[in-house]
Amino acid sequence: MPAEGGILLRRVFPVPPDAIDQAGQVSTEVRRLLRGLGAEPEVVRRAGIVCFEGEMNIALYTKGGRIVLVVRPEVVELLFSDRGPGIADIELVKQPGYSTAPDWARELGFGAGMGIPNMEKNSDEFHIFSRVGQGTVIRATIYRRRHDPG
Amino acid sequence: MTLAEVAAALGLVPLMEFDPDRRVRWGFCSDLLSDVLAHAQEGDLWITHQRHLNVVAVAKLKGVAVVCVRGLRPSPEVLDKAREEGVVILTAAEDAFELAGRLYHLLVGKP
């Protein structure tokens, strides 16, 4: 067994831009890997949703990027990074209903303005770092055990 | 009720084989993928107009079966992916309003 906090698994998944037909594949693979490690079903479910929404965001709105899955004994971390365009107002994108999706994406059922809120809701820790013109990094952490708020 | 009973009662056409004992918990009507991800529950019948590849991913994530309304059918490519992922897709002749109404009455036991 690795030491407390050691990394059990680390995987990097590239996400190309505009490839929405492929989107969902990373989420499927992440859930498969987590199940293989014996992660709790609720953790697998939440990670699957966070990953799918993040993957769709990279595919729909950015010039491409990648997803990094890190599994530790205590937590599952998902890191999403892209090459832009960046988010000007992070508080705004966290508001349910806000979306910049183009019409073609809305017709496919994207752009409900719930992607980032869904990611945040299914994470225990959630941080967005963004610089307009450069890119966005999102770190979502899911606890594998319920932490007693004490 | 089981999915087989619901499909028979509502005249839904399954587009692949499925476990006839699979339970239907409730219905969920939406064309917004994130709405389904946020609010649908495992065992729901997801009534939608969407029929592209991402529908399979969302249905798999949430453990719901999909009903495409107004006779809409996904492409063979989407159906192949659904079979591969164990996602069940059916099609209904009715529009979403009528199908949702009939499913509601069926599940709550009213005429």
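To start, this report covers the structure provided alongside it. (Residues numbered from 1 in each chain as written. Chains lettered and ligands numbered in written order. Predicted model: local features only at pLDDT ≥ 70, side-chain atom pairs only at ≥ 80, totals over all residues.)

## Considering the overall build of chain A
Then, in step 1: Scanning chain A from terminus to terminus reveals five helices and five strands.
Then, in step 2: Rg of the C-alpha trace for chain A: 15 Å, near the compact-globule value of 15 Å for 150 residues, within the 12% margin.
Then, in step 3: With respect to the three principal axes, the spread of C-alpha positions in chain A is 50 × 35 × 25 Å.
Then, in step 4: Sequence separation of at least 24 residues holds for 64% of the intrachain contacts in chain A that already meet a minimum separation of 6. (Helix = DSSP H or I, 4+ residues; strand = E, 2+ residues; numbered from the N terminus. Rg over C-alpha atoms; globule rule 2.2 N^0.38 Å. Contact = placed C-beta atoms within 7 Å.)

## With respect to the sheet that holds strand 3 (residues 45-48) of chain B
Residue and element names in this part refer to chain B.
Then, in step 1: An order of 1-5-4-3-2 is seen for the five strands of this open sheet, with the pairing classed as mixed. The strands lining the two open edges of the sheet, one partner per strand, are strand 1 (13-14) and strand 2 (27-29).
Then, in step 2: Bridge count between strand 4 (residues 65-68) and strand 5 (residues 89-91): three bridges; the pairing is parallel. Counterpart to Val67 in the pairing with strand 5 is Leu90.
Then, in step 3: The strands touched by helix 5 (residues 96-108) within the sheet are strand 2, strand 3 and strand 4, with strand 2 carrying the most contacts at an inclination of about 160°. (Pairing = 2+ DSSP bridges. Axes fitted to C-alpha atoms, helices over the stretch in contact; angles between N-to-C directions.)

## Re the interface of chain B and chain A
Then, in step 1: The partner chain A presents 17 residues to the 13 residues of chain B that form the contact.
Then, in step 2: Elements with a contribution of two residues or more to the side of chain B that touches chain A: helix 2 (33-39) and helix 3 (53-62) of chain B.
Then, in step 3: With five residues, the top contributor of residues to the side of chain B that touches chain A is helix 2 of chain B.
Then, in step 4: When grouped by side-chain class, the residues that make up the side of chain B that touches chain A number seven nonpolar, four polar and two charged. (Nonpolar A, V, L, I, M, F, W, Y, C, P; charged D, E, K, R; others polar.)

## As for the sheet that holds strand 3 (residues 75-82) of chain A
Residues and elements named next belong to chain A.
Then, in step 1: With antiparallel pairing, the five strands of this open sheet are ordered in space as 1-2-3-5-4. Of all strands in the sheet, those bounded by a partner on one side alone are strand 1 (9-15) and strand 4 (125-131). Each neighbouring strand pair of the sheet contributes to a mean axis angle of 10°, computed without reference to strand direction.
Then, in step 2: In terms of strand pairing, strand 2 (residues 65-71) meets strand 3 through seven bridges, oriented antiparallel. The residue bridging Val68 from the neighbouring strand is Leu79, located in strand 3.
Then, in step 3: Contacts between helix 1 (residues 25-36) and the sheet are confined to strand 1, strand 2 and strand 3, with strand 1 contributing the most and set at about 170° to the helix.
Then, in step 4: Its contacts with the sheet place helix 2 (residues 41-61) against strand 1, strand 2, strand 3 and strand 5 (135-143), and it is angled at close to 5° to strand 3.

## Focus: helix 2 of chain A
Then, in step 1: The end-to-end C-alpha separation of helix 2 of chain A is 30 Å, in line with the 30 Å expected for 21 residues at 1.5 Å each.
Then, in step 2: Counting buried positions along helix 2 of chain A yields 18 of 21 residues, so the element is predominantly enclosed. (Expected span 1.5 Å × (residues − 1). Buried ≥ 20, exposed ≤ 12 C-beta atoms within 10 Å, placed from the backbone.)

## Some remarks on the nonpolar core
Then, in step 1: Core analysis: the biggest nonpolar cluster contains 65 residues, and A:Ala47, A:Leu78, B:Leu45, B:Trp46, B:Val66 and B:Val67 have the highest contact counts within it.
Then, in step 2: Per-element accounting of this core gives the leading share, twelve residues, to helix 2 of chain A.
Then, in step 3: If sequence neighbours within four positions are ignored, B:Leu45 has contacts with B:Val6, B:Val24, B:Gly27, B:Val64, B:Ala65, B:Val67 and B:Leu103. (Core = buried A, V, L, I, M, F, W, Y, C linked by C-beta atoms within 7 Å.)

## Observations regarding the packing of helix 1 (residues 3-10) of chain B against helix 5 of chain B
Residues and elements named next belong to chain B.
Then, in step 1: With their axes 11 Å apart at the nearest point, helix 1 and helix 5 run at an angle of 125° to one another. Comparing their axes, helix 5 and helix 1 come out oblique. For the pair helix 1 and helix 5, the crossing hand works out as right-handed. On helix 5, the residues touching Val6, Ala9 and Leu10 of helix 1 are Leu99, Arg102, Leu103 and Leu106.
Then, in step 2: Counted by class, the contact of helix 1 with helix 5 contains six nonpolar, no polar and one charged residues. (Parallel < 35°, antiparallel > 145°, perpendicular 65-115°, else oblique. Left-handed = near helix turned anticlockwise from the far one by under 90°.)

By themselves, these figures tell us nothing about what the structure is for.
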